[in-house]
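Spelled out from the first residue to the last, the chains are:
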4 protein chains.
Amino acid sequence: MSSEFGRNIRISVFGQSHGEAIGVLVDGLPAGERIDLDALQAFMERRAPGRAKTATSRKEPDEVRIVSGLVDGKTCAAPLCGIIFNTNTRSQDYAELLDKPRPAHADFTAWKKWGGAADMRGGGHFSGRLTAPLCIAGGICLQILENRGITVGAHIERIAGVCDSRFDPVGLTAEMLKNPGSKPFAVIDDAAGEAMQRAILDAAAQKDSVGGIIEIGAVGLPAGLGAPMFDGVENRLAQALFGIPAVKGVEFGEGFDVAGLRGSENNDPFRMENGQIVTDTNHAGGILGGITSGMPLIARIAIKPTPSIAQEQNTVSLSRGENAILAVHGRHDPCIVPRAVPVAEAVCAAVILDLILD
Amino acid sequence: MSSEFGRNIRISVFGQSHGEAIGVLVDGLPAGERIDLDALQAFMERRAPGRAKTATSRKEPDEVRIVSGLVDGKTCAAPLCGIIFNTNTRSQDYAELLDKPRPAHADFTAWKKWGGAADMRGGGHFSGRLTAPLCIAGGICLQILENRGITVGAHIERIAGVCDSRFDPVGLTAEMLKNPGSKPFAVIDDAAGEAMQRAILDAAAQKDSVGGIIEIGAVGLPAGLGAPMFDGVENRLAQALFGIPAVKGVEFGEGFDVAGLRGSENNDPFRMENGQIVTDTNHAGGILGGITSGMPLIARIAIKPTPSIAQEQNTVSLSRGENAILAVHGRHDPCIVPRAVPVAEAVCAAVILDLILD
Amino acid sequence: MSSEFGRNIRISVFGQSHGEAIGVLVDGLPAGERIDLDALQAFMERRAPGRAKTATSRKEPDEVRIVSGLVDGKTCAAPLCGIIFNTNTRSQDYAELLDKPRPAHADFTAWKKWGGAADMRGGGHFSGRLTAPLCIAGGICLQILENRGITVGAHIERIAGVCDSRFDPVGLTAEMLKNPGSKPFAVIDDAAGEAMQRAILDAAAQKDSVGGIIEIGAVGLPAGLGAPMFDGVENRLAQALFGIPAVKGVEFGEGFDVAGLRGSENNDPFRMENGQIVTDTNHAGGILGGITSGMPLIARIAIKPTPSIAQEQNTVSLSRGENAILAVHGRHDPCIVPRAVPVAEAVCAAVILDLILD
Amino acid sequence: MSSEFGRNIRISVFGQSHGEAIGVLVDGLPAGERIDLDALQAFMERRAPGRAKTATSRKEPDEVRIVSGLVDGKTCAAPLCGIIFNTNTRSQDYAELLDKPRPAHADFTAWKKWGGAADMRGGGHFSGRLTAPLCIAGGICLQILENRGITVGAHIERIAGVCDSRFDPVGLTAEMLKNPGSKPFAVIDDAAGEAMQRAILDAAAQKDSVGGIIEIGAVGLPAGLGAPMFDGVENRLAQALFGIPAVKGVEFGEGFDVAGLRGSENNDPFRMENGQIVTDTNHAGGILGGITSGMPLIARIAIKPTPSIAQEQNTVSLSRGENAILAVHGRHDPCIVPRAVPVAEAVCAAVILDLILD
């Protein structure tokens, strides 16, 4: 069950990076929802490589084929299965890695868990490639949420220490959420984006990689979604967001900065506004006690630098049980943060739709 | 199902802060495990108030009564139910809050979700009081893990900007993990602990509260626990850790700091050591691809400042639908971080035992 | 998770027959539902022994204590925990059984699974005694369903070959459903009931026991509950009904008799009646494709004769690994079917309420 | 989640009868298991129509394409996805049914649940066609079980009142289990099989259909699989078996016949045999208290007569809300029992493998 998440909507990802196909099965979508497949394909393109100058040169058309769950362009109460048949894989790039695990990659732990049985070509089922099926499922959920007046968006909050502006947690609008994703490089402040891209290219030039943070926002959420304790908005979002490869941290609202705030600073006072109860500030990120407050939802995820770098690194030979030197060849993004932005939106949308169907 | 977590071991928390009893049901514990009830009670005491000079003056003996699941001191393959009967509740302290939701508390969202139906006296099912049952379940899991050579421990990493030393992610030992919890104030560096307590008392003197960060570690874990994508170590720990009230962030290893590191800095090179494969560094916090690497597990959680402060705050009257002023009376910790340390250990232990039973 | 069932409402049973207490935790009940505790206790009495002349002489007051989940007599959005503290247990009756497994009882399989670790005194967690907590949970669900115009009832369809009338699958009413349960011996036709009781007493006189069938019905169900394939009405009811000790078969509508019918006989033709679509017959038992049709729900469960009989039986000594002779002493019902009637209603009500909350 | 089952192995069926493809996703298979795809295809053929003279004339090659989860013919720790692309669908046969629900079919309940949104062409997701993906998943599980010395088999126990011999619940062997499935018509006693086929053809000649019973057996199971109450062998098998279309009853061992037995007849005495504890009889069907006893597992499922018959039947027009006459055209099996035999084996194998992985 490891590759599934969701309660009301079950999203199951399948495939290996260099297998015949990758895809996703989505069970539990509301019936009768019209899905715009062109818009879905356009959303997939945001994740595809070769879009920004900082990405890998690999070409992955990621053509989505929906083989079940749709009739006449609408969901039909049966599970929806979307498939992408793999092309342009170059497994020989990875042959050496089957014996020499890449530092900071799952090569080693997969070998410990399954011995040689796991298909680790190109990272196998652990590959970032598997985020494409997530975007199929999440892209569909995004459309269904839009029809309900809910918008989810994300942007690159920082890369290599270069920071973008943050979403306004109080005045956030659907337009603000969609704007970064409409650009080739998903930031609010394009000057910051330029600096980030320079930092990425600098790292690449030094055969190195960089990490960053993605900020996710959602507006239009009704108050009252979620639940206390272990099945609340934060629990379910965190469980899913940590399913995105390379994510090492998840926070909501002020997140880790709450450690430096006093209650009088972190509390969000309530007030009446046009008959609605709102808060002046939104340090809570729209969630109190695991339940949505009706204010914008704000989350952030930390993404580590790409483990696969061309520099020589120390590792071991699994077959010979001795130390070894590894220089990863093949085509890898020096920074996966930009391509992870739509993935973060997709996962967040899937969880929110799941919460709405509780 | 909101108050439950775990796959192989299901932990279900019940009770309201001012109800007749609070407790926990634990289904799926291995059979035949001897449980030391005195050690369990001692563990409960670490969470109990009135222990450190910075805590609330409330007295909660938290006497645990195990009514099922044990025979002759051993688990007996039937679900274990542990109950704490409530005493010393002063609901009148909370009467005003039923109409005036406390900023940053679940009072408002519970009202939005259930109207007046939820029992919110003393925070009801959302209360930090419910972490006592979590400690019953987790305290039992800690004992079972110890018998398997696995130790879980935590300490206060920071409060109000005052930082403790961190666990050594490479050389961490069981002794290092147990040391902070053996003190009245769970820190590694007592000087830092003194400064933290002063900061807490300063905030309290100003009718305010402070937040902080707890660092959790575990040693003795075999490599290969967990799974890729949505059911890995990080997913399951995060889902459970966000169940601790006031947690707003969860990170593993370097966590959010990965955003400022390059791959060459963040990658943990492998090497042979006494026939074992280890890493020189442990930025990954002992988890790669959602699976344990055999290195120490490191996680951190951010805890917001106590929402209930004695200062006057703006809020609304739910009954009159107008702005109102609130000054929270009653007995509240100016900082809940110290008492949350054993809770963090409890939750982490429960998830690790659950992973071991996969 | 073995002692839990339900998706939206999670019902978790705990306790051992001779432990300190038995009980149930119910998570997910709708909030604000008034629960009549006197009516609940009266429902419990229907399961209690010593009610009919055919039952064991054991006295089990089964006084229910609700320690959480209720405020001012209403559900309060927190998990509800109901406890029965055990009294009047005579473990010495069972000492011999710990070494000599009773034929047709779980003594042997529990020993194979857990060795001596399981608490098997009085049948432990496998005991029919554990159906009392099920009645707490189900009795509450029955009340909530009644408030929604849904009635669940059951009767003894046969015992020892003596048959009662069956529920009319088309004209079934709430009154017809409640009538059998209002009697000391839950049958439609009292003459049949008298004959059944004679058959039970005959068996008892010969130190033997008898089995039977319980028929369950429900009316007021809307059409459209359930789902296709593995999570439909039949799937969920069957999974739960097999949780009642001694149940060896579950069928719906015509059940096994469909094997002797032709399509032209078994199909239920549709027709309009007062603007509603109904069927002339109801061989389907109110379920088509796992989804309710709006016609009365009909199910039947087969209950085996009580395994514990006073006759000498062949068994083995687990400690000596040799054949042995066993004569079960202690107090056992020569037929558990009558006391299982409210249990069947309880389980069915819990599943139906769970379905309604999908 | 309605189209999924299993805990350790999650089996998710997708597709609609007349959609582009049908298939199954299997998550959690043990890694490194060699799968014989020719044997799998041969197993699929047992379900395919046009095999026996009593089946529909439709041709469904059911060519299975495994697009993930296998590498070099072995499972690789990633979810396995098997797809069958649909061919030879004649939707026009079903056009009338979209307005006139077939008696005893899900047409009506699907319409009540989803209005016109569900794709009901050819029965859509409710179609018996969806048992083909089940056979992919189960056929793989059967192979994995065989490697562990566990054999599952089934036969037609009766059709239209004509009975086959039953499996010997004590002396059952792997050979006995495999024998019926090796024949074009899966019975033990071929004379009975001939009589059954005559009864089917008689019904077909009268534009009618017949139902029957399938008996399933399994040998080689270790004692101790399963659990008490709601997650035992019977609970999990029943939940899954009711997922096979047209199943209206599930029983184990003596099943409903226990109602006519006394304890002294139904109890299975234990005795030592070659150091093992066995029972002289096996009325329990190899399950006590939800846990396997080590004796052969015996289950039976009742399958109703095919609802789609060519006779004129009364129904309603959903669009006009008035009574109507329906004569189902198209190609339908006058009895689906023969083709359901491998499906029953598949589902049983999936559940048993799931239990073994607990």
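These notes cover the structure that comes with them. (Residues numbered from 1 in each chain as written. Chains lettered and ligands numbered in written order. Predicted model: local features only at pLDDT ≥ 70, side-chain atom pairs only at ≥ 80, totals over all residues. Heavy atoms only, no water.)

A few words on the pattern of salt bridges. Residue and element names in this part refer to chain D. Applying the stated rule across the entire model yields 96 salt bridges over all chains. With a shortest N-O distance of 2.9 Å, Glu345 and Arg46 are connected by a salt bridge. Here Arg46 lies in helix α1 (residues 37-47) and Glu345 lies in helix α8 (residues 337-356), a separation of 299 residues in the sequence. Each member of the pair, Glu345 as well as Arg46, is classed as buried. As a salt-bridge pair, Asp62 and Arg129 come within 2.8 Å of each other at their nearest N and O atoms. (Salt bridge = Lys/Arg side-chain N within 4 Å of Asp/Glu carboxyl O. Helix = DSSP H or I, 4+ residues; strand = E, 2+ residues; numbered from the N terminus. Buried < 20%, exposed > 50% of the residue type's maximum accessible area, 1.4 Å probe, protein only.)

In this complex, chain B contributes 39 residues to the contact, which on the side of chain C involves 39 residues. Linking chain B with chain C are four salt bridges. Its salt-bridge partner being C:Arg65, residue B:Glu20 comes within 2.6 Å of it at the nearest N-O pair. Applying the counting criterion to the chain B and chain C interface returns 14 residue pairs in polar contact (both at pLDDT 80 or more). Mapped onto the side of chain B that touches chain C, the elements with two or more residues apiece are β2 (10-15), β3 (21-27), β4 (65-68), β5 (70-71) and β7 (80-85) of chain B. Broken down by element, the residue count for the side of chain B that touches chain C peaks at five residues, all from β2(B). (Contact = heavy atoms within 4.5 Å. Polar contact = N/O pair within 3.5 Å; in protein donor to acceptor, adjacent residues only side chain to side chain.)

Here the focus is the side chain of C:Glu345. All names here are of chain C. Judged by its relative accessible area of 3%, Glu345 is buried. Of the polar contacts made by the side chain of Glu345, one reaches the backbone nitrogen of Ala154; its length is 2.9 Å. Discounting residues that sit within four places of it in the chain, Glu345 has contacts with Phe43, Arg46, Leu142, Val152, Gly153 and Ala154.

With 100 residues of chain A in contact, the opposing surface of chain B contributes 99 residues. At the boundary of chain A with chain B, total buried surface from both sides reaches about 7700 Å², with 65% on carbon and sulfur atoms. At the junction of chain A with chain B, the criterion picks out two salt bridges. Between B:Glu234 and A:Lys248 there is a salt bridge, and its shortest N-O distance comes to 2.9 Å. One can count 43 residue pairs in polar contact (both at pLDDT 80 or more) joining chain A with chain B. Of the residues that constitute the side of chain A that touches chain B, the class distribution is 51 nonpolar, 31 polar and 18 charged. Where strand β11 (residues 247-252) of chain A and strand β11 (residues 247-252) of chain B come together, three bridges link them in antiparallel fashion. By the bridge assignment for β11(B), A:Val250 is matched with B:Val250. (Buried area = accessible area lost by both parts, 1.4 Å probe. Nonpolar A, V, L, I, M, F, W, Y, C, P; charged D, E, K, R; others polar. Pairing = 2+ DSSP bridges.)

Our next topic: the packing of aromatic side chains. Taken as a whole, this structure holds 22 aromatic pairs over all chains when the rule is applied. A centroid spacing of 6.3 Å and a plane angle of 35° characterise the contact between D:Phe108 and D:Trp111, whose relative ring orientation is tilted. One end of the pair is D:Phe108 and the other is D:Trp111, both in helix α2 (residues 107-114) and three residues apart, which spans about a single turn. With a relative accessible area of 32%, D:Trp111 lands in the partly exposed category. Put simply, the rings of A:Phe108, A:Trp111 and B:Phe270 touch in pairs and so form one group of aromatic residues. (Phe/Tyr/Trp six-rings, centres within 6.5 Å; stacked < 30°, edge-to-face > 60°.)

The next thing to look at is unusual backbone geometry. Residues and elements named next belong to chain A. Positive phi values are uncommon outside glycine, yet Met229 reaches one of about 65°. Take Met229: it is sitting in the loop between β10 (212-219) and α6 (233-241). Accessibility expressed as a relative area gives 11% for Met229, which makes it buried.

So, about helix α1 (residues 37-47) of chain C. Residues and elements named next belong to chain C. When α1 is considered as a whole, its buried residues turn out to be Leu40, Phe43, Met44, Arg46 and Arg47. Each buried residue of α1 lies within a common arc of 150° when the element is viewed along its axis, so the set occupies one face. Looking at the buried side of α1, the elements it contacts are β7 (80-85), α3 (131-146), α4 (174-181) and α8 (337-356). (Arc of directions from axis to C-beta.)

Pairing within the open sheet is antiparallel, and its 10 strands lie in the order β9(A)-β8(A)-β10(A)-β16(A)-β11(A)-β11(B)-β16(B)-β10(B)-β8(B)-β9(B). If you trace the sheet from one side to the other, it starts and ends with β9 (162-163) of chain A together with β9 (162-163) of chain B, each paired once. Relative to β9(B), strand β8 (residues 151-159) of chain B runs antiparallel, the two being bridged by two bridges. By the bridge assignment, B:Arg158 is partnered in β9(B) with B:Cys163.

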